[in-house]
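One letter stands for each residue in the lines below.
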Amino acid sequence: MKKATVGIIGGTNGMGRWLADLLTAQGFTVHVTGRKTQMTAVDAARICDVVVISVPIAATSSVIAKVGPHVRKGQALMDLTSLKKEPVALMLQHSEAEVVGCHPLFGPSVTEPSGHNIVLCRGRGDAWYALIRTIFENTGYTVLERTPGEHDRMMAIVQVLNHFNTIALGMAIAETGIPLSEVSQFSTPIFKTKMEIVKKIFTESPELYADIIAGNPDTNEVLQTYERVVGKIISLLAKGDGSKLKDSMESVAKKLF
Ligand SMILES: NC(=O)c1ccc[n+]([C@@H]2O[C@H](COP(=O)([O-])OP(=O)(O)OC[C@H]3O[C@@H](n4cnc5c(N)ncnc54)[C@H](OP(=O)(O)O)[C@@H]3O)[C@@H](O)[C@H]2O)c1
């Protein structure tokens, strides 16, 4: 059987390039487009069986609206966005094609699939969904099928709460006014590890992390919880005594682990 042709909008870099490499290695014909490629996003949408959107979050809605109408019944429209509710709804709205939402839970440097998960959301249709799922599973990735809402709810913890906490740590350290070069001389192993994460979040792709936090529909709720918990920790320490905080940590540990 002839292998499908895949067009990746935003395939010149990042996750789009990761998918292009994976599919090319599997024998698929892959066309990639970026803002400066000769082939445009609409060209790719017209000629490819599967069209994948992998552009920065801020550009995703407008690219789906532009490309979607050119992806017709019988083709598939998929995205790799770190959020799922809005992009999947927009793909369904702007295209009559089969629709698959996809979020690889790792960055573009991952080449060893073992231990890495990919979330798939059914949008419309079964045929392309089944093929896409099989490709990822046969490559060695673990596929989790969830609804877009279930995905975003979990990402509100795994990404929103997690990255927000890292951003708060970096900003609070900067606010102390003490140069990191000086603080670093006193580093413990845990501090070193945390500062590597802080550095990655602040310097590698701040736009991605800001948009993941701003765009998740459950952000307000989890950040209200975070604010409440910070207040609670401060009040547990109010008398300068660690015993109440220790008791609270012990009861949380029983819940979590
Ligand atoms: N990075 C991650 O760790 C990660 C993990 C999972 C999912 N994702 C998701 O993957 C998607 C892409 O993120 P990324 O980190 O791979 O981004 P990226 O490395 O910045 O790559 C973005 C791609 O989109 C193209 N592009 C940039 N701006 C565009 C615009 N305004 N219109 C059309 N194309 C544009 C770029 O091509 P040119 O520069 O050649 O124009 C490039 O090929 C996002 O939805 C993100 O949420 C990212």
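Residues numbered from 1 in each chain as written. Predicted model: local features only at pLDDT ≥ 70, side-chain atom pairs only at ≥ 80, totals over all residues. Heavy atoms only, no water.

**Q** Would you mind showing me how to read the domain arrangement of the protein here?
**A** How large an interface is tends to be reported as the accessible area lost when its parts come together. Along its sequence, the protein is organised into domain 1 (5–146) and domain 2 (150–256). Taking the mean C-alpha position of each, domain 1 and domain 2 sit 32 Å from one another. Taken residue by residue, the interface counts 12 residues in domain 1 and 12 residues in domain 2. Both sides of the domain 1 and domain 2 interface together cover about 920 Å² of buried area, and 68% of this is carbon and sulfur. Taken together, the links from domain 1 to domain 2 amount to zero salt bridges. Classifying every residue of the side of domain 1 that touches domain 2 gives seven nonpolar, two polar and three charged. (Domains from an automatic or database assignment. Contact = heavy atoms within 4.5 Å. Buried area = accessible area lost by both parts, 1.4 Å probe. Salt bridge = Lys/Arg side-chain N within 4 Å of Asp/Glu carboxyl O. Nonpolar A, V, L, I, M, F, W, Y, C, P; charged D, E, K, R; others polar.)

**Q** What am I meant to see in the site of the ligand here?
**A** The environment of the ligand is formed by 22 residues, the closest being Thr12, Met15, Arg35, Ser82 and Phe106. Measuring from an oxygen atom of the ligand, one finds a side-chain N or O atom of Thr12 at 2.6 Å. Interatomic distance of 2.7 Å between a backbone N/O atom of Met15 and an oxygen atom of the ligand. Breaking the shell around the ligand down by element, the ones donating at least two residues are helix 1 (14–25), helix 3 (57–67) and strand 5 (98–104). Here the residues of the shell around the ligand sort into 10 nonpolar, 11 polar and one charged. (Near = heavy atom within 4 Å. Polar contact = N/O pair within 3.5 Å; in protein donor to acceptor, adjacent residues only side chain to side chain. Helix = DSSP H or I, 4+ residues; strand = E, 2+ residues; numbered from the N terminus.)

**Q** I would appreciate a short explanation of the pattern of salt bridges in the present structure.
**A** When the charged atoms of two side chains lie near each other, side chains of opposite charge can form a pair. This model, assessed by the stated rule, comprises eight salt bridges. For Glu137, the salt bridge identified is with Arg133, shortest N-O distance 3.1 Å. One end of the pair, Glu137, and the other, Arg133, are both in helix 5 (residues 127–139), four residues apart, so they sit about a helical turn from each other. Since its relative accessible area comes to 37%, Glu137 is described here as partly exposed. (Buried < 20%, exposed > 50% of the residue type's maximum accessible area, 1.4 Å probe, protein only.)

**Q** What exactly am I supposed to notice about the nonpolar core here?
**A** Generally speaking, soluble globular proteins have nonpolar side chains that are buried together. Counting residues in each nonpolar core, the largest one holds 29 residues, and the members touching the most others are Trp18, Leu19, Met78, Leu120 and Phe136. Ranked by residues supplied to this core, first place goes to helix 1 with six residues. Residue contacts for Leu19: discarding those within four places in its chain leaves Ile8, Val52, Met78, Leu80 and Phe136. Core analysis: the next-biggest nonpolar cluster, separate from the first, contains 17 residues, Ile64, Val88, Leu90 and Val99 among them. (Core = buried A, V, L, I, M, F, W, Y, C linked by side-chain atoms within 4.5 Å.)

**Q** Would you mind going over a nonpolar patch on the surface with me for this structure?
**A** On the surface, Val229, Ile233 and Leu237 cluster together into a nonpolar patch covering about 210 Å² of accessible area. Here Val229 shows up in helix 10 (residues 219–236). With relative accessibility at 40%, the residue Val229 sits in the partly exposed group. (Patch = residues over 30% accessible without salt bridge, like charges linked within 9 Å, V, L, I, M, F, W, Y side chains within 5 Å. Areas by Shrake-Rupley, 256 points an atom, 1.4 Å probe, with all protein chains shown as cover.)

**Q** Is there a simple way to think about the side chain of Thr33 in this case?
**A** The residue Thr33 is located in strand 2 (residues 29–33) in this model. Overall, Thr33 belongs to the buried group, its relative accessible area being 2%. Not counting residues within four places of it along the chain, the set of residues in contact with Thr33 comprises Ile8, Ile9, Gly10, Gly11, Thr12, Met39, Thr40, Ala41 and Ala44.

**Q** I tried to follow the layout of surface pockets on my own but got confused; where do I start?
**A** In this approach the atoms are scanned with a rolling probe the size of a water molecule, which exposes any empty space left behind. Reported here for the second largest pocket is a volume of approximately 910 Å³. The wall of the second largest pocket is formed by 23 residues, among which Thr225, Val229, Ile233, Val252 and Leu256 lie closest to the centre. Mapped onto the lining of the second largest pocket, the elements with two or more residues apiece are helix 6 (148–176), helix 10 and helix 11 (243–256). Ranked by the residues each element gives to the lining of the second largest pocket, the list is headed by helix 10, at 10 residues. Of the residues assigned to the lining of the second largest pocket, the class counts are 15 nonpolar, four polar and four charged. (1 Å grid on protein atoms, 1.4 Å probe; cavity = no way out; pocket = protein on both sides within 12 Å on 5 of 7 lines; lining within 4 Å. Points joined across faces, edges and corners; volume = space filled by probe spheres on them.)

**Q** Sorry if this is basic, but what is going on with the environment of Pro113 here?
**A** Along the polypeptide, Pro113 turns up in the loop between strand 5 and strand 6 (117–124). Along the backbone, Pro113 and Phe186 are 73 residues apart, and their C-alpha atoms lie at a distance of 37 Å. In contact with Pro113, other than residues within four places in its own chain, are Thr139, Gly140 and Tyr141.

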